[in-house]
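Residue-level listing of the chains:
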Amino acid sequence: MAIQFLNTVQVDTDVLYVDTSTSNVGIGTDNPRAKLDITNGSTGQTYSNVSGLLIDVNGTSNSYYGLIVGSSTGNSHLAVTNAGNVGIGTDSPSAKLDVSGSVKANNFVSIQGVDTGNPAASLDELRLSGYGIIGNRGSLYFTNASTTGTLQFGIGGTHASNTKMVIDSTGAIQFNTYGAGTLVTDASGNITVSSGGG
C-alpha cells in the first residue's frame, strides 16, 4: 500500500523534510534544493539547476566523505571526500582524481596546465612510473605543438634539470656531452656532427 503525502512532511525540523510543492526531499535541511538534497551542517554554497541528487558536505577534510560506494566484500569502489578529492578503487584519494587500478580511454585524453608561459613542473607535467609509455600502433608520436619548441629527454631530476637529449624545431638532435654541437640527420638518415660539437 502506497503512502501519499498531501502536505509538507517535516521530521524534527530538518532530519527529514518532504516539500510537496516542489516534490523535493531534504535530509539535514528544511529547504531542499534538488529532488534529494542531503546536507551536513550549515553551508554558504549556492546551487542551481540541480535536477537529481545534491550532497552538500560541511568542512574540507580529506578524511571525511560526502559519498562512498562500496561492496559487501569491504572494497571501496568510489569515494568523494569533503576536500573534493575523488577516489576510484581507493577511499584515501590524494589528488582530485586518484585511481587504484587500470584506466582506459577510447578517445583523446587532454592534460592541461595552469600556465601557458613557463609553468611549474608539478602543475604542467605527466608523470609515469613502471614501464612508461608502450604503444600498440605502427608508430608512436611525440609532438610539440609549438613551431619553435623543443622535445627534451632527461634522466633523473625534474623539469629539464638533467636533460640528456634535445630535439629542436629543425629536427637537429643535441646531446649534453656535445655542448653547443648537434647531431643532424639528412634525408637519407645519415648522421653528422655540426660545428661546435665534441
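Up top is the structure.
Residues numbered from 1 in each chain as written. Predicted model: local features only at pLDDT ≥ 70, side-chain atom pairs only at ≥ 80, totals over all residues. Heavy atoms only, no water.

**Here's the deal with the overall build of the chain**
Secondary structure assignment for the chain yields 0 helices and 14 strands. Element order for the chain, N to C, with α for helix and β for strand: β-β-β-β-β-β-β-β-β-β-β-β-β-β. Across the 198 residues of the chain, 16% fall into the buried class. Residue pairs in contact within the chain that sit at least 24 positions apart in sequence constitute 3% of those at least 6 positions apart. Approximately 14800 Å² of the chain is accessible, and the part contributed by carbon and sulfur atoms is 52%. (Helix = DSSP H or I, 4+ residues; strand = E, 2+ residues; numbered from the N terminus. Buried < 20%, exposed > 50% of the residue type's maximum accessible area, 1.4 Å probe, protein only. Contact = heavy atoms within 4.5 Å. Areas by Shrake-Rupley, 256 points an atom, 1.4 Å probe, with all protein chains shown as cover.)

**A few points about the environment of Thr-163**
Turning to its location among the elements, Thr-163 is positioned in strand E11 (residues 163-167). Between the C-alpha atom of Thr-163 and that of Phe-175, which follows or precedes it by 12 residues, the distance is 8.5 Å. A polar atom in the side chain of Thr-163 sits 3.3 Å from the side chain of Gln-152. (Polar contact = N/O pair within 3.5 Å; in protein donor to acceptor, adjacent residues only side chain to side chain.)

**Some words on the sheet that holds strand E9 (residues 97-99)**
Read across the open sheet, the 4 strands follow the order E6-E7-E8-E9; overall the sheet is mixed. Every other strand in the sheet has two partners, leaving strand E6 (65-70) and E9 as the edge strands with one partner each. Direction aside, the axes of adjacent strands within the sheet are offset by 10° on average. Bridging between strand E7 (residues 76-81) and strand E8 (residues 86-88) involves 3 bridges; their strand directions are antiparallel. Along E8, the bridge assignment pairs Val-80 with Val-86. (Pairing = 2+ DSSP bridges. Axes fitted to C-alpha atoms, helices over the stretch in contact; angles between N-to-C directions.)

**What to know about the pairing of E11**
Across 4 bridges, the pairing between strand E10 (residues 151-154) and E11 is antiparallel. Each bridged residue has a counterpart across the sheet, and for Gly-154 the counterpart in E11 is Thr-163. Bridge analysis of E11 against strand E12 (residues 173-175) gives 3 bridges, and the strand direction is antiparallel. In the sheet register, Val-166 faces E12, and the bridge partner there is Gln-174. Two successive antiparallel strands, E11 and E12, enclose a turn made up of 5 residues, where Gly-171 displays a positive phi of approximately 100°.

**Describing the side chain of Thr-81**
With respect to the helices and strands, Thr-81 occurs in strand E7. Reaching out from Thr-81, the side chain makes a polar contact with the side chain of Asn-62 at a distance of 2.7 Å. In this view, Thr-81 contacts Ser-61, Asn-62, Tyr-64, Tyr-65, Gly-66 and Pro-93; residues no more than four positions away in its chain are not counted.

**Comments concerning unusual backbone geometry**
Positive phi outside glycine occurs at Ser-23, with the angle close to 65°. As for its position among the elements, Ser-23 is in the loop between strand E2 (16-19) and strand E3 (24-27). Phi at Asn-49 is positive, roughly 60°, even though this residue is not glycine. Residue classification places Asn-49 among the exposed positions, given a relative accessible area of 79%.

**Looking at the pattern of salt bridges**
In the structure shown here, the tally under the stated rule is 2 salt bridges. Between Arg-33 and Asp-37 there is a salt bridge, and its shortest N-O distance comes to 2.8 Å. The exposure class assigned to Asp-37 is buried, which follows from its relative accessible area of 0%. Salt bridges linked by common partners bring Arg-33, Asp-37 and Asp-56 together as one network. (Salt bridge = Lys/Arg side-chain N within 4 Å of Asp/Glu carboxyl O.)

**Considering the side chain of Thr-29**
When you line up the elements, Thr-29 lands in the loop between E3 and strand E4 (36-39). A polar atom in the side chain of Thr-29 sits 3.0 Å from the backbone nitrogen of Asn-31. If sequence neighbours within four positions are ignored, Thr-29 has contacts with Asp-14, Tyr-17, Asp-37 and Thr-39.

**Side note on a nonpolar patch on the surface**
On the surface, Val-11, Val-15, Leu-16, Ile-27, Leu-36, Ile-38 and Leu-53 cluster together into a nonpolar patch covering about 500 Å² of accessible area. Assignment of secondary structure puts Leu-16 in strand E2. (Patch = residues over 30% accessible without salt bridge, like charges linked within 9 Å, V, L, I, M, F, W, Y side chains within 5 Å.)

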